[in-house]
Amino acid sequence: EEAYRVNVLFGAHLLAAARSLPAPPRLLLAGSAAEYGPMPEELLPVTEDAPCNPSSVYGITKLAQTLHGLAAAAAGLPVVVARLFNVVGGGMPAHLALGSFALQIRAMPAAGGVLRTGPLGRWRDFVEAVPAAAVLVDLARNPIAAGQVVNLCSGVPTSLAVLTHALVEAAGRPVQLKEEADRVGNSEMIRHWGSAAKLAALGHHLPPPDPSQIAAALVG
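Thresholds, definitions, all that
All residue numbers here refer to positions counted from 1 along the written sequence of the relevant chain. Local features in this predicted model are restricted to residues whose pLDDT is 70 or higher, and side-chain atom pairs enter the listing and the counts only when it is 80 or higher, whereas totals over whole chains, interfaces and linings include all residues. The side-chain values count all of the structure's non-hydrogen atoms but skip hydrogen atoms and water molecules. Numbering of helices and strands runs from the N terminus, with a helix taken as a DSSP run of H or I at least four residues long and a strand as a DSSP run of E at least two residues long. In this treatment the radius of gyration is a C-alpha quantity, and the globule benchmark scales as 2.2 Å times the residue count to the 0.38 power. Each residue gets one of three labels from its accessible area relative to the maximum for its type: buried under 20%, exposed over 50%, partly exposed in between, using a 1.4 Å probe on protein chains only. By definition in these notes, contact holds between two residues if any of their heavy atoms fall within 4.5 Å. Accessibility throughout is a Shrake-Rupley quantity obtained with a 1.4 Å probe, and a residue counts as covered only by protein chains that appear here. In this description, strands pair whenever DSSP reports at least two bridges between them. Between rings of Phe, Tyr and Trp, where Trp is taken as its six-membered ring, a pair exists when centres lie within 6.5 Å; planes separated by under 30 degrees are stacked, by over 60 edge-to-face, and by other angles tilted. Each ring is checked for a lysine NZ or an arginine CZ that lies within 6 Å of its centre and within 35 degrees of its normal; such an atom marks a charge sitting over the ring. Any N or O atom pair separated by 3.5 Å or less is treated as a polar contact, with the protein-specific requirement of one donor-capable and one acceptor-capable atom, and with residues adjacent in sequence counted only for side-chain atom pairs. Any residue with relative accessible area above 30% and no salt bridge may belong to a patch, with like charges joined within 9 Å and the nonpolar Val, Leu, Ile, Met, Phe, Trp and Tyr side chains within 5 Å. Put simply, a salt bridge is a Lys or Arg side-chain nitrogen that is within 4 Å of an Asp or Glu carboxyl oxygen. One less than the residue count of a helix, multiplied by 1.5 Å, gives the span that helix is expected to have. Throughout, nonpolar core names a set of buried Ala, Val, Leu, Ile, Met, Phe, Trp, Tyr and Cys residues whose side chains join them through atoms within 4.5 Å.

(A) Highlighting the overall build of the protein. Helix and strand content of the protein: 7 helices and 10 strands. By the compact-globule yardstick of 17 Å for 220 residues, the protein fits well, its C-alpha radius of gyration being 19 Å. By principal-axis analysis of the C-alpha atoms, the protein measures approximately 65 × 35 × 30 Å. Each of the 220 residues in the protein was classed as buried or not, and the buried ones make up 44%. Within the protein, counting contacts between residues at least 6 apart in sequence, those at least 24 apart form 82% of the total. Of the roughly 10,800 Å² that the protein leaves accessible, carbon and sulfur atoms contribute 60%.

In structure tokens:
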């Protein structure tokens, strides 16, 4: 219920409010790569015209938000939908893998401890929060982007293992990694990343993440 209220109803109400104004503003809706759902390897990197088949409540409600946005755009409202891929940075919540790992490390004593993770053989299109936020602002100001869905991604898959080892190196204390097969996240896909071609065509760019910078933001 909360996901529908926050993603679908809030988006629909925001769009309706904008349409009621004499001079509607440009609107940017923050979508998600979860809207695509699981993708077979042959469809990677996933492009904006790929079929959406979300498998989570979050992805389903984000896709509903996107559909409201596209309907409003078709009616003349200047709306752009930015489909964010895996955003990482300081303050990540503990229900996300790297947020959980950072929380465990910060709670360890100076003598160190055991970092319990799920399988680290996952590849995702991680993007750093600060540059992603800057590109969101730029997209909102870009009149050419109106009416489009745009992947906010680097176009380069990064291993979860690489980022996890960076956290361990930044911990400043001995950390023993322990992968546990029964600790699974919200997706069991091995590889998932986006195409950044449309983003580049609009004049914007997101680099792949810098593991040391991410680690410093999370545990430094």
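(B) Highlighting the pairing of strand β7 (residues 149-152). Burial along β7 is two-sided: Val-149 and Asn-151 facing one way and Val-150 and Leu-152 facing the other are all buried. Bridge count for strand β2 (residues 79-84) against β7 is 4 bridges, and the pairing is parallel. Counterpart to Leu-84 in the pairing with β7 is Leu-152.

(C) Main features of the packing of aromatic side chains. In total, this model carries 1 aromatic pair according to the counting rule given. Seen in terms of ring centroids, Tyr-36 and Phe-85 are 6.4 Å apart; in terms of plane orientation they differ by 40°. Their pairing is tilted. Taken as a pair, Tyr-36 in the loop between β1 (27-32) and α2 (57-74) and Phe-85 in the loop between β2 and β3 (86-88) lie far apart in primary sequence, 49 residues in all. The class of Tyr-36 is buried, set by a relative accessible area of 0%. On the basis of relative accessibility, which here comes to 5%, the residue Phe-85 falls in the buried class. Of note, Arg-83 hangs over the ring of Tyr-36, and the distance from its end group to the ring centre comes to 4.7 Å.

(D) Fine view of the environment of Ser-159. Secondary-structure assignment places Ser-159 in strand β8 (residues 158-159). A residue is classified by how much of its surface remains accessible, and Ser-159, at 7% relative accessible area, is buried. Apart from the residues within four sequence positions on either side, Ser-159 is in contact with Leu-120, Arg-122 and Trp-123. Among the polar contacts made by the side chain of Ser-159, one reaches the main-chain amide nitrogen of Ala-161 at a distance of 3.0 Å.

(E) Expanded view of the sheet that holds strand β10 (residues 191-192). Pairing in this open sheet of 3 strands is mixed, and the strands run β8-β5-β10 from one edge to the other. Both edges of this open sheet fall to β8 and β10, since each of them pairs with a single strand only. As paired elements, strand β5 (residues 123-124) and β8 share 2 bridges and run antiparallel to each other. Bridge pairing links Arg-124 to Thr-158 in β8.

(F) Structural context of a nonpolar patch on the surface. A contiguous nonpolar surface patch, about 270 Å² in accessible area, is contributed by Tyr-4, Val-57 and Ile-60. Summarising the element assignment, Tyr-4 is placed in helix α1 (residues 2-19).

(G) Layout of α2. Taking 1.5 Å per residue, 18 residues should reach 26 Å; α2 reaches 26 Å between its end C-alpha atoms and fits that length. Turning to α2, its buried residues number three or more, namely Gly-59, Thr-61, Lys-62, Leu-63, Gln-65, Thr-66, Gly-69, Ala-72 and Ala-73. As for α2, its buried residues are in contact with α1, β1, β2 and β7. Of the residues trailing α2, Gly-76 is marked for its positive phi of about 110°.

(H) Structural view of the pattern of salt bridges. In this structure the tally under the stated criterion is 4 salt bridges. For the salt bridge of Arg-83 with Glu-35, the shortest nitrogen-to-oxygen distance reads 2.9 Å. With Arg-83 in strand β2 and Glu-35 in the loop between β1 and α2, this residue pair connects regions lying 48 residues apart in the sequence. Between Arg-191 and Glu-41 there is a salt bridge whose closest N-O contact spans 2.7 Å.

(I) Region of interest: the nonpolar core. Among the nonpolar cores identified, the biggest contains 22 residues, and Leu-98, Phe-101, Ile-105, Leu-115, Leu-167 and Leu-218 are the most heavily contacted of them. Those elements that place two or more of their residues in this core are α3 (97-106), α5 (160-170) and α7 (211-219). No other element matches α5, which puts 6 residues into this core. If sequence neighbours within four positions are ignored, Phe-101 has contacts with Leu-115, Arg-116, Thr-117, Gly-118, Leu-120, Leu-160, Thr-164 and Leu-167. Counting 14 residues, the second-largest nonpolar core is a separate cluster that includes Val-127, Ala-132, Leu-199 and Leu-206.

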